[in-house]
Structure formats: C-alpha cells, structure tokens
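Coordinates in review
Listed below, chain by chain, are the residues.
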Amino acid sequence: MEKKEMLYEGKAKKVYATEDPQLLIVDYKDDATAFNGLKKGTIEGKGIINNQMSNRLMQHLEKVGVPTHFVRELSDRETLVKKVSIVPLEVIVRNIAAGSFSKRYGVEEGKVFTHPVVEFSYKNDSLGDPLLNTDHALALGLATPEEIGTIEAYARMVDDFLRNFWSSCGITLVDFKVEFGRLSDGTIVLADEISPDTCRLWDSKTGEKLDKDRFRRDLGGVEDAYAEVMRRLVAHDQ
Ligand code: ADP
Ligand code: UDP
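Report on the accompanying structure.

Cut-off values and rules
Residues numbered from 1 in each chain as written. Chains lettered and ligands numbered in written order. Predicted model: local features only at pLDDT ≥ 70, side-chain atom pairs only at ≥ 80, totals over all residues. Heavy atoms only, no water. Helix = DSSP H or I, 4+ residues; strand = E, 2+ residues; numbered from the N terminus. Rg over C-alpha atoms; globule rule 2.2 N^0.38 Å. Buried < 20%, exposed > 50% of the residue type's maximum accessible area, 1.4 Å probe, protein only. Contact = heavy atoms within 4.5 Å. Lys, Arg positive; Asp, Glu negative; His and termini not counted. Charge placed at Lys NZ, Arg CZ, Asp CG, Glu CD. Pairing = 2+ DSSP bridges. Near = heavy atom within 4 Å. Polar contact = N/O pair within 3.5 Å; in protein donor to acceptor, adjacent residues only side chain to side chain. Areas by Shrake-Rupley, 256 points an atom, 1.4 Å probe, with all protein chains shown as cover. Nonpolar A, V, L, I, M, F, W, Y, C, P; charged D, E, K, R; others polar. Axes fitted to C-alpha atoms, helices over the stretch in contact; angles between N-to-C directions. Left-handed = near helix turned anticlockwise from the far one by under 90°.

1. Re the overall build of the chain
Broken down by element type, the chain carries 6 helices and 14 strands. Since a compact globule built from 238 residues should have a radius of gyration of about 18 Å, the 17 Å found for the chain is in line with a globular shape. Across its three principal directions, the C-alpha atoms of the chain cover 50 × 40 × 35 Å. In the chain, buried positions account for 50% of the 238 residues. When contacts within the chain are restricted to residue pairs at least 6 apart in sequence, those whose partners lie at least 24 apart make up 57%. Positive and negative side-chain charges in the chain, numbering 33 and 40 respectively, have mean positions lying 2 Å apart.

This is the structure:
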C-alpha cells in the first residue's frame, strides 16, 4: 500500500490517503509539543517508538474486545489504519491524580482513586480543548447518547487492560487520553495512538516519570524514558 496525497499534518503525525478510500497511512514524527503547542521540540526516535508501541497495544486491545483502527504496520514510522471520522472528544481516563486534574481540583499529584475517572474534553485547539460532560457533548452534537455510552465502556476496557499490562512491566498507569472514530458504517473504533505522548507512566518502584511529562517539565532523559518503556513492552511480549 502506497502513500498518496497528505491529508493532514498534525503535531505528532502526518496522515496520508491511499488508493483505498477506507484506508489511511499515518506517519509518526519526532516532533513534540506541549501546552497547546506553546512548547515545541524534538524527541529523537519518538516516532518509531510511538508507532510500534501503539500498534502492539492496539493488537492486544483487539484481543480483549476493543475494536481499533489498526490494520498493518508498514515501516518503522508508518502504519496502515482504517479511516474514521474522529469523534471530537479527547477521552481521558485517570487512575491517579496528576496534571490538569491536580491543578483544577487542588489535589496532590499521586492521590490514588478508588474508581477510575473518565472525563471528556472537546477536541478543539482554538478553544484550548475545554473539559465537558455528556450533556455538553450532546448539546454540541458531537456524538449520540449511544456513541457516548460505547466510547465510555471502551475507555474503561482500555484502562483495565492497560493498567494490568503496564503493571506487569513494572509501570504504573496514572492516566491517558484516547480518541475514537466512526467507520463508514458507523461502528465506533479506537483510533489515533497510545504511547508515552498520551499516557502518564511512572516506574512502579521508583516513581520515576517515563512519559511526556519529562519533556513538558524539562526533566531531561526524555529519549531514555521512551526507550525504557518500549524495552519493557517488548520484553513482556516475548
Ligand atoms: P493533532 O491533530 O492533535 O496535532 P496528530 O499529529 O497526532 O494530532 O495528528 C493525527 C490526526 O489524525 C489527529 O487529528 C487524529 O485525530 C487523526 N486520526 C487518528 N487516527 C485516525 C484515523 N484512523 N482516521 C482518521 N483520522 C485519524
Ligand atoms: N493528554 C494527551 N493530549 C492532550 C491532553 C492530554 O495525550 O491534548 C494526555 C496526557 O498525556 C495525560 C492525560 O491525557 O496522560 C491527562 O492529561 P491532563 O488533562 O492532566 O492534561 P495536561 O496535564 O497534559 O495538560
């Protein structure tokens, strides 16, 4: 399958058409951004790690009953995926307080929740991805009630799987963001990516951050952290 015209260049990936109107090729870049694009940089090798990690995790998720856009890995940085119409919701699941949750509600980073928190943000860069609830999403016509039910159920399944998976790699899953989309027949599937760009991952023993917070907060060792997460994933899968 070959790339045709570039349809979109985002902050972390480029998206290309293919000869099949139902399929796209995503091409992962090393570019990193944070704070709604205000901070920019490069994380050497990130595109390769995020491509391979996301593909492995999506194949695991398919096995536990979460349908995904994944079709086939084409190269280090490129993957063939099913084309979806993205539901403009950033679906965030939190197991431990961190980031915007800690800031918004004045909760110390590290507080463990007894029940995972699912929250939605409106995927709209010019508005700064504002937090919204189900009624807001319905009022804005972003999805139907059935779609929101499906998305929330899948998000919780993704959390259950990832929490256990990362735990057996010695990694604590703090929180993550996923996106869902509609296939041409309306089926909801998991799309976009799952990687250290979109998850908070802490070493279970030391608490060391192994994710994009190293970039956001200028902690150094960003490349090493991404490589360490990938190394543990590969070791787990063998
Ligand atoms: P951003 O748009 O936030 O800068 P990226 O650089 O990751 O993000 O760009 C990838 C874009 O492709 C995102 O807007 C994402 O919603 C979209 N996308 C991800 N998977 C699919 C898919 N299977 N079909 C169509 N669009 C997708
Ligand atoms: N996240 C993401 N993309 C976004 C916003 C958040 O991938 O545009 C991820 C982020 O990496 C973290 C989780 O979603 O794992 C929760 O992020 P939070 O709301 O705390 O926002 P942040 O602190 O990144 O502003």
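2. Thoughts on the pairing of strand 4 (residues 31-34)
For a regular strand, side-chain orientation follows a simple rule: the groups alternate between the two sheet faces. Alignment of strand 4 against strand 5 (residues 39-42), held across 4 bridges, turns out to be antiparallel. From the neighbouring strand, Thr33 faces strand 5, where its bridge partner is Lys40. Hairpin remark: strand 4 followed by strand 5, antiparallel, with 4 residues in the connecting loop; positive phi at Phe35, about 55 degrees.

3. Notes on the environment of Ala32
Mapped onto the fold, Ala32 is located in strand 4. Exposure remark for Ala32: the relative accessible area of 2% places this residue in the buried category. With 49 residues separating them in the primary sequence, Ala32 and Val81 have C-alpha atoms 22 Å apart. Among all residues touching Ala32, those that are not within four sequence positions of it are Lys39, Lys40, Gly41, Thr42, Ile43, Lys46 and Phe215.

4. Focus: the site of ligand 2
Residues in close proximity to ligand 2 total 15 residues, the closest being Arg94, Ser100, Asp175, Arg200 and Arg216. Between an oxygen atom of ligand 2 and a side-chain N or O atom of Glu90, the distance comes to 3.1 Å. Notes on ligand 2: free accessible area 510 Å², of which the protein chains cover 76%. Looking at the shell around ligand 2, the elements that each hand over two or more residues are strand 9 (89-96), helix 2 (99-105), strand 12 (171-182) and strand 14 (199-203). Residues of the shell around ligand 2, tallied by class, amount to 4 nonpolar, 3 polar and 8 charged.

5. Digging into the environment of Leu173
Mapped onto the fold, Leu173 is located in strand 12. Through-space distance from the C-alpha of Leu173 to that of Ala139 is 32 Å; in sequence the pair is 34 residues apart. For Leu173, the residues in contact, after removing those within four places along its chain, are Asn95, Asp159, Leu162, Arg163, Trp166, Cys199, Arg200 and Leu201.

6. Brief notes about the packing of helix 1 (residues 46-63) against helix 6 (residues 222-237)
Across the interface, helix 1 lies against helix 6 with an axial gap of 10 Å and an inter-helix angle of 35 degrees. Handedness of the crossing formed by helix 1 with helix 6: left-handed. Contacts between helix 1 and helix 6 involve Lys46, Ile49, Asn50, Gln52, Met53, Arg56, Leu57 and His60 on the former and, on the latter, Tyr226, Ala227, Val229, Met230, Leu233, Val234 and Asp237. In terms of residue class, the contact of helix 1 with helix 6 is made up of 9 nonpolar, 3 polar and 3 charged.

7. Quick notes on the site of ligand 1
Residues in close proximity to ligand 1 total 17 residues, the closest being Tyr8, Lys11, Ala12, Lys13 and Glu179. The contact in question runs from an oxygen atom of ligand 1 to an N or O atom on the side chain of Tyr8, over 2.5 Å. Within the side chain of Lys13, a nitrogen or oxygen atom sits 2.6 Å from an oxygen atom of ligand 1. Across the complex, the protein chains shield 88% of the 560 Å² of accessible surface that ligand 1 would expose by itself. Each residue belonging to the shell around ligand 1 can be placed in one class, and the counts come to 8 nonpolar, 2 polar and 7 charged.

Just distances and angles here, no functional claims.
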